[in-house]
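Each chain, letter by letter, is given below.
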Amino acid sequence: MSRQRPAPSIVLFRRDLRIEDNGALAAAVDRDTPVIALYIFDEEDRNLRAMGAASRWWLHHSLAALDHRLRQTGANLLLARGRTYDIVGEAIGASGADCVFWNRRYDPSEAAVDDRLKANLREQGLTARSFDGALLHEPSLLKTGAGGFYKVYTPFWKAMADKADLRDPIDAPGSIDGWRGEFAGLRLEDLDLLPTKPDWAQGLRQIWTPGEEAGKARIHEFIEHDLEGYERRRDIPGKQATSRLSPHLAFGEITPFQIVASLRKSRSAGASKFRSEIGWREFSYHLLFHNPDLAGRNFRPEFDAMSWRDDARALRAWQRGLTGYPIVDAGMRELWRTGWMHNRVRMIAASFLIKDLMIDWRHGEKWFWDTLVDADPANNPGSWQWVAGSGADAAPYFRIFNPVLQGEKFDPQGEYVRRHIPEIAALPDRYIHRPWEAPASLLKDNNIELGRTYPKPIVDHGAARDRALIVYRSIKDEKAS
Ligand code: FAD
């Protein structure tokens, strides 16, 4: 009598490129049947936002790291390209799988794909189950007293803290019975994720190690060395005082459950501030879940009347780090070279684009989306709208960062600026954030020619500020009238 082989389970990997604290993987392993670990690169579905170039670089290495982790346990990662729904159907056809598991996604366009998939699989009598992991809270469940969603961070975070009965992270499976059949068969190189002509990823390679193990090591390193004093030092871009966990979180190599569990013993001011930053991430997802087009539409509709300037040259100067304002340029160059920018400088650079140049925040959001390794569908548009003033719980319209004063306050010795703008590094501290005020002889002695070796400011901040205030006030008055 022939014994029937048990039907395998499919585990879909997406922005959850890890084997620890992975509910979907754990459920599949628990079934004691072969596991098909599948990543589908879906660029065909036009409703899904295509990944930016820096994210693609990260994805390549993260997939390699995940495959390595899976192989250590007895499985391997299958790669496919196409629409999720079609590929899952093909995988079921090829393998006879009767269960599909995944961890939930909270970007509404991605969640819609998953909802449709779940309904369809269930209609066919198959098992489809989804799990938490990406967020500490379920956006559909956390409601205000009036039954709506939260638009202000503080009550949101308080409501979350009140429900803070968080589960423990799930252990990585010790071994996985990997499915050995034939399917897909794409090689990682076939996904074509890495830049080649030119290969601009040198700076990324130098500082980042994508993957779950590197992410976990970062958590421990941060807690050991930088958690103490985080609340004070996190605003100083010249120091490495923040966790740099953002790309690991964006790709789900680590989960907020793992972070919170690692912080449990700590009662310090640093730990409390750090938890609340994780809270901002939760808040951004809460907003995205309830406002699907967060990257495309003003959260506050009165901003639709805003008259943005159409200035391709200024936008280009900002993108290249050639505005003539050192702190802005240092940030934009850090971004270009490393795929990351310090949070304080993200705020200054964003404010400069929006309020000094009066360029629509959506141009900035798109540039960040393409160039950040941590480009995140919730945090990126949520933060841009926050700076623009068009978002929920946003910065007040009259807060216009002065790039010189911000530089002098948060980078007083110019450590950050000198690192990223070598052409003015020789200037003394006094002029490092305002090179145009340096005496001509000092500039000459240091081979600095403003307008040639480093730009003159492309706008006068004082005049730009006045212009922005007039435009912003008009939006406010329009709303009031
Ligand atoms: P840490 O200070 O160590 O914070 C730990 C984690 O908390 C971060 O990894 C992040 O997940 C979360 N966090 C921290 N600050 C914020 C915040 N203000 N909003 C939401 N979550 C936060 N963050 C992204 O992850 N992806 C983005 O695409 C992104 N775009 C941004 C665009 C602009 C214009 C601005 C002003 C901020 C943006 N942020 C974004 C938020 C923040 O700058 C980064 O999360 C942070 O700099 C990442 O570095 P870190 O991991 O060392 O942060």
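The coordinates are above.
1. Focus: the overall build of the protein chain
When helices and strands are counted, the protein chain shows 21 helices and five strands. Scored against the burial criterion, the 481 residues of the protein chain give a buried share of 56%. Sequence separation of at least 24 residues holds for 79% of the intrachain contacts in the protein chain that already meet a minimum separation of 6. Accessible surface computed for the protein chain: about 21800 Å², of which carbon and sulfur atoms make up 49%. Taken as two groups, the 68 positive and 67 negative side-chain charges of the protein chain have centres that lie 3 Å from each other.

2. Topic: the pattern of salt bridges
This structure, assessed with the given rule, holds 32 salt bridges. Note that Arg14 and Asp114 form a salt bridge whose closest N and O atoms lie 2.9 Å from each other. On the criterion of sequence distance, the pair formed by Arg14 in the loop between β1 (9-13) and α1 (23-30) and Asp114 in helix α4 (residues 108-123) is long-range, its members being 100 residues apart. Looking at Arg14, the relative accessible area reads 9%, which means it is buried. Owing to a relative accessible area of 4%, Asp114 belongs among the buried residues under this scheme. A salt bridge links Asp21 to Arg167, with the nearest nitrogen and oxygen atoms 2.7 Å apart. Here Asp21, found in the loop between β1 and α1, pairs with Arg167, found in the loop between α5 (153-162) and α6 (202-207); they are 146 residues apart in sequence, far enough to count as distant. Classification of Arg167 as partly exposed rests on a relative accessible area of 23%. The network of salt bridges with common partners includes Arg14, Arg105 and Asp114.

3. Focus on the pairing of β1
Of all the five residues making up β1, five are buried; the element is thus mostly covered by neighbouring parts of the structure. The two faces of β1 match: Ser9, Val11 and Phe13 on one face and Ile10 and Leu12 on the other face are all buried. In this structure, β1 lies alongside strand β2 (residues 35-41), joined through five bridges in parallel fashion. In the strand pairing of β2, Val11 is matched with Ala37. Traced from β1 through α1 to β2, the parallel crossover comes out right-handed. With four bridges joining them, β1 and strand β4 (residues 99-103) adopt parallel strand pairing.

4. A closer look at the nonpolar core
By size, the foremost hydrophobic cluster in this structure holds 54 residues, and its most contacted members are Trp318, Val328, Met332 and Phe368. Looking at this core, the elements with two or more residues in it are α12 (312-320), α13 (326-338), α14 (343-356), α15 (361-371), α16 (379-388), α18 (415-420), α19 (429-432) and α21 (461-480). Sort the elements by how many residues they give to this core and α14 lands first, with seven residues. Counting residues in each nonpolar core, the second largest holds 37 residues, with Val11, Leu17, Ile176 and Leu191 among its members.

5. Topic: the environment of Gln72
Here Gln72 lies in helix α2 (residues 53-73). In the structure, Gln72 is positioned 267 residues away from Gly339 in sequence and 30 Å away in space, judged by C-alpha atoms.

6. Focus on the side chain of Gln406
With respect to the helices, strands and loops of the structure, Gln406 is situated in helix α17 (residues 403-410). Accessibility expressed as a relative area gives 12% for Gln406, which makes it buried. Setting aside anything within four residues of it in sequence, one finds Gln406 in contact with Arg344, Ile348, Phe401 and Asp411.

7. Side note on the sheet that holds β2
Ordered by their spatial adjacency, five strands build an open sheet running β3-β2-β1-β4-β5, and the pairing between neighbours is parallel. Across the chains shown, the open sheet's two edge strands, defined by having one partner strand only, are β3 (77-81) and β5 (127-131). In this sheet, adjacent strand axes meet at a mean angle of 25° when their direction is disregarded. Each of β1, β4 and β5 touches α4; the most contacted strand, β4, lies at about 160° to it.

8. What about the packing of α14 against α16?
The contact between α14 and α16 brings their axes to 9 Å, and the two run at 60°. Between α14 and α16, the angle falls in the class oblique. As α14 packs across α16, the resulting crossing turns out to be right-handed. Judged by residue contacts, Met347, Ala350, Ser351, Leu353, Ile354 and Lys355 of α14 engage Trp384, Trp386, Val387 and Ala388 from α16.

9. So, the site of the ligand
Near the ligand lie 28 residues; those nearest to it are Tyr230, Thr242, Ser243, Arg244 and Asn343. In the model, an oxygen atom of the ligand is placed 3.0 Å from a nitrogen or oxygen of the Asn379 side chain. In this structure, Asn380 approaches the ligand through a side-chain N or O atom, which is 3.0 Å from a nitrogen atom. Burial of the ligand by the surrounding chains reaches 95%, relative to a free accessible area of 820 Å². When residues of the shell around the ligand are traced back to their parent elements, those giving at least two are α9 (246-250), α11 (269-290), α14 and α16. Considering each element in turn, the shell around the ligand owes the most residues, six residues, to α11.

Conventions we followed
- Residues numbered from 1 in each chain as written.
- Predicted model: local features only at pLDDT ≥ 70, side-chain atom pairs only at ≥ 80, totals over all residues.
- Heavy atoms only, no water.
- Helix = DSSP H or I, 4+ residues; strand = E, 2+ residues; numbered from the N terminus.
- Buried < 20%, exposed > 50% of the residue type's maximum accessible area, 1.4 Å probe, protein only.
- Contact = heavy atoms within 4.5 Å.
- Areas by Shrake-Rupley, 256 points an atom, 1.4 Å probe, with all protein chains shown as cover.
- Lys, Arg positive; Asp, Glu negative; His and termini not counted.
- Charge placed at Lys NZ, Arg CZ, Asp CG, Glu CD.
- Salt bridge = Lys/Arg side-chain N within 4 Å of Asp/Glu carboxyl O.
- Pairing = 2+ DSSP bridges.
- Right-handed = clockwise from strand over helix to strand, strands pointing away.
- Core = buried A, V, L, I, M, F, W, Y, C linked by side-chain atoms within 4.5 Å.
- Axes fitted to C-alpha atoms, helices over the stretch in contact; angles between N-to-C directions.
- Parallel < 35°, antiparallel > 145°, perpendicular 65-115°, else oblique.
- Left-handed = near helix turned anticlockwise from the far one by under 90°.
- Near = heavy atom within 4 Å.
- Polar contact = N/O pair within 3.5 Å; in protein donor to acceptor, adjacent residues only side chain to side chain.

None of the figures reported here should be taken as evidence of function without further support.
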